[in-house]
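Observations on the model geometry
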Amino acid sequence: VLVIGVWLGFVLFVSKDLLLLGNRPAATPRQLCEVVGWGRKRQMELIWTKVSWLAFAYLSGTLGAIFYGIMMAKFFRSFDSERATLSDYVAVLEGVPKLTGDEKVEDILKEAVETAIGSDIAKELVAVSVGWDFQAHRAQVRHFIDEEVGKFHESNEEPLAIPEGTGDEFNGVCGSITKKVLNRWHIHLDGHGEEFTTEDLKKNLTSMETAPVSYVIFMTESARDKALEVTKASGVVVKDATCTLKPETYEPEALFWHNLPVTNKEFGWKFTVSSGNIFLTCMAWTVLLYLPYAHYMSAFSYANGDEPSPLAESVFIGLVVGAQVGLFVASSIGAEFCQCHYEDQKHRVYIIFYNAALILNLVMDIVLQGYLSYLQMVGVGARVADGRLLGSLTSLQEIFESYPMQKSVGKLLFKYCWPCTFLVPFLAEPFIAQLGPYHVGTLLLRSNSRIRGENAERALELSEMEQGRYADVIFNLILVACIPFIAPAYMLITYGAFLLAHLYIYFYDHWKTLRWARKFYFSSDEVHWFGQQLLCLPLGILAAALVFKANQMSGGPNGGLGSGVLHGSVLGAAMAGAFTLHVLVHLTLLDMVVKPYRSDPNKAENKTPFSKVAEEEAATHLTTNPVQCLRSKYIHEDSPPLSPFVLGKEKIMKPNPKLGAYFDGEQDFQQKEKRKSRESKASAEAATLNPQESGSAEAKMEADPEEPQKPQEPQEPQETA
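Position labels on residues start from 1 in each chain and follow its written sequence. Only residues with pLDDT of at least 70 are given local features in this predicted model, and only at 80 or more are side-chain atom pairs given and counted; all residues enter the totals for whole chains, interfaces and linings. The basis for the side-chain values is all heavy atoms of the structure; hydrogens and waters are excluded.

**Observations regarding the packing of aromatic side chains**
Stacked, edge-to-face and tilted are the three classes for Phe, Tyr and Trp ring pairs, Trp counted by its six-membered ring, which pair at centre distances within 6.5 Å; planes under 30 degrees apart are stacked, over 60 edge-to-face, the rest tilted. Considering all chains together, one arrives at 29 aromatic pairs under this definition. On the numbers, 5.8 Å between centres and 70° between planes, the contact of Y89 with F610 is edge-to-face. One end of the pair, Y89, is in the loop between α3 (47-82) and β1 (90-94); the other, F610, is in helix α22 (residues 610-616), and 521 residues separate them in sequence. Note on accessibility: Y89 and F610 belong to one class, buried. Both rings, one in W269 and one in F337, keep their centres 6.2 Å apart while their planes meet at 55°; by these two values the pair is tilted. Linking W269 in helix α10 (residues 264-298) with F337 in helix α11 (residues 311-337), this pair joins segments that are 68 residues apart in sequence. If you follow K270 out to its NZ or CZ, it ends over the ring of F337, 4.4 Å from the centre. The rule is short: NZ of Lys or CZ of Arg within 6 Å of the ring centre and within 35 degrees of the ring normal puts a charge over the ring. Its guanidinium or amino end placed over the ring of F669, K651 lies 4.3 Å from that ring's centre, counting from NZ or CZ. Secondary structure is summarised from DSSP: a helix means a run of H or I of at least four residues, a strand means a run of E of at least two, and numbering begins at the N terminus for each. Summary of the burial criterion: residues with accessible area below 20% of their type's maximum are buried, those above 50% are exposed, and those between are partly exposed, where the area comes from a 1.4 Å probe applied to protein chains only.

**Concerning the packing of helix α19 (residues 526-534) against helix α20 (residues 536-553)**
Angular values range over 0 to 180 degrees, each being the angle between N-to-C directions of two axes fitted as lines to C-alpha atoms, with helices fitted over their stretch in contact. Interaxial distance between α19 and α20 falls to 5 Å at its minimum, and their mutual angle equals 5°. Viewed along their axes, α19 and α20 adopt a mutual orientation that is roughly parallel. Listed contacts from α20 to Q532, Q533 and L534 of α19 are C536, L537 and P538. Each residue belonging to the contact of α19 with α20 can be placed in one class, and the counts come to four nonpolar, two polar and no charged. Oblique is the label for any angle not under 35 degrees, not over 145, and not in the 65 to 115 range, which are roughly parallel, roughly antiparallel and roughly perpendicular in turn. Every residue pair with non-hydrogen atoms within 4.5 Å of one another is taken to be in contact. Gly is put with the polar residues, along with every residue not named as nonpolar or charged; the nonpolar set is Ala, Val, Leu, Ile, Met, Phe, Trp, Tyr, Cys and Pro, and the charged set is Asp, Glu, Lys and Arg.

**Looking at the state of the cysteines**
Disulfide: a pair of cysteine sulfur atoms within 2.5 Å of each other. Under the defined criterion, the tally for this structure stands at zero disulfides. Just so you know, C420 is unpaired, no disulfide at all, and the nearest cysteine sulfur is the one on C417, 8.9 Å from it. Residue class for C420 comes out buried when judged on its relative accessible area of 0%.

**A short note on the sheet that holds strand β2 (residues 125-132)**
Overall, antiparallel pairing links the five strands, which are arranged β2-β3-β1-β5-β4 in an open sheet. In this open sheet, the two strands that pair with only one neighbour each are β2 and β4 (236-238). Here the strands of the sheet are splayed against their neighbours by 30° on average, with no regard to which way each runs. At least two DSSP bridges between two strands are needed for those strands to be called paired. Of the strand pairs in this sheet, β1 and strand β3 (residues 210-218) are connected by five bridges, and their pairing is antiparallel. Each bridged residue has a counterpart across the sheet, and for A91 the counterpart in β3 is V216. Across the sheet, helix α9 (residues 221-234) is in contact with β1, β3, β4 and β5 (241-247); its angle to β5 comes to roughly 140°.

**Things to note about the confidence of the model for the chain**
For the chain, per-residue confidence averages 86 on the pLDDT scale, and residues scoring 70 or more make up 90% of the total. Summary of the metric used: pLDDT quantifies the predictor's per-residue confidence within the range 0 to 100. For the stretch residues 693-721, pLDDT sits under 50, and the model shows 18 contacts to residues farther than four places along the chain or on other chains.

**Structural notes on helix α12 (residues 343-379)**
Expected span of a helix, by definition, is 1.5 Å for each gap between consecutive residues, and there is one gap fewer than residues. Taking 1.5 Å per residue as the helical rise, α12 with its 37 residues ought to reach 54 Å, and the 53 Å between its terminal C-alpha atoms agrees with that figure. The positive-phi residue at the C-terminal boundary of α12 is G381, with phi of around 70°.

Put into structure tokens, the structure is as follows:
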């Protein structure tokens, strides 16, 4: 809004020609020559406004990014300081050797940690959540976790048995598509999916090998910190391997337990393969679709009315939107293939893939369309301001600075921004990501009576809100940062379109999060911090644009094409240097100025025990570990066994303090129901009372004796002489 206001000020108080330089129409060749001559002259006379605006936008953008980073760092720091989270009590045990499930692995690792940290700290050790390599048995593990969830429906007297069927509905093309959709949604019916037995599960649980990573849970944060300090030098010896303890920075709900066997080296290889696949996807899209389009457009001479039909513009919009959708799918598949250990890491990898792919696609699109525009201008015999034919220019700098190309490329870039990137994908998103799948699930339920219970819930399950939106916003910022390179007329309309589009995106995400997302979970500010780092890209482009326009202004109002101080490769090197220098300075400022605000050196000691936090949080490093829960039931035969955490089915969870499980799902459900009842009653009473009586009614509700009181924190023992 600020930079739009400054540019609008130039328009109102300097010259309204800034709204015309680049989009003034010309119906005849004579008018085109007049427009080119007038446009070049006015552009050079008013170029100081562009340079001034770029300097202001660059400085205010950089300072604003740093200020915003400090503000958000303080917010995350205060949020983390005021609340005890489960990661505060957990240390990551890395370098665990391969152990098989027929051993008492949980006890082996726990005893090894106790030996390493000493008997005093070992008293605060709660449990060890072991990471397992169950990638080959992932479907089987999920099946038996679903069986535990099925008890929720059984307790509510819902039918669990699936009616028998022949499986004929999965024959043919439509049946094959239905089968793939059901597989994707983890909906298994007779004749569709695999059958698993308890004996087979026990066999796999005992033959399964451990992953290199496990998690050690302590009763207090201070005990965790002491254990980290004690083992810093000597580590933790497990069998013949020396393991390391590191503090956990992610919450358990963000853990991908099935990806823990993937090492850093394997992740690097997967990242490289995914990067290559995304690059090949961009190349394939260009060769198979863009090049035929370019060949079609170049077949016209653009002289004497020999021009493509208006349908060609619609084809271009379809190509741009289709490329973005295809790259979104390719980036999502690539991020999934990398098998990150945490959800936040997966979102970060996705942002890298998607932004890199979009930037590559943007470069190819603009180069292609710029070349086609050049052919068009040459075809109609366009001349530059000094009377030379555009086709006679040999310098790339002169060609790009010429008014015909500034006007043509500006139109193409604006079309790429609006509606191709800023509007169409986000208008289609609710239908593709929310309403469409929900409608398909509704049709499946209507057409197949065998989908019921837990399967019916999955068919209608809403999507999750993810942090991948950072990629969309950063790329849109990169696009608007390119606008100052071209004619001034597209400044106001492009930045105005950007503002309107992102207002829509904000309200859409607000609606999606509150109404059409089953959860929006992030366990750290890692993705947000990465987004702040990526802000250096659009700001770096603004710095390069400032160098380009300042060099153009140095030629004077009457200077010809390429008359600036810098020419050719020297100008390109100066622009690249400005971009690189800003990136380095920006990242340095983030590390030296913003990053210290992310940690609180005066943070008060956390005296809340793990048991207290785990009573209120169903998802812990134990309950989110599916293999640990199944081993508790089928191998160790604990009573009650460790209950698995499934979002929305917390009611089935039972506590067992001996195993480190403190969450009581039934009690939590009853407390929530009582709270809802009291709130509804208080709201009804408040509607019939005056404000004074309403306030007393609310106070009475707060003092309701039925409200379970939180147990007081244990007091520190007093020292006696």
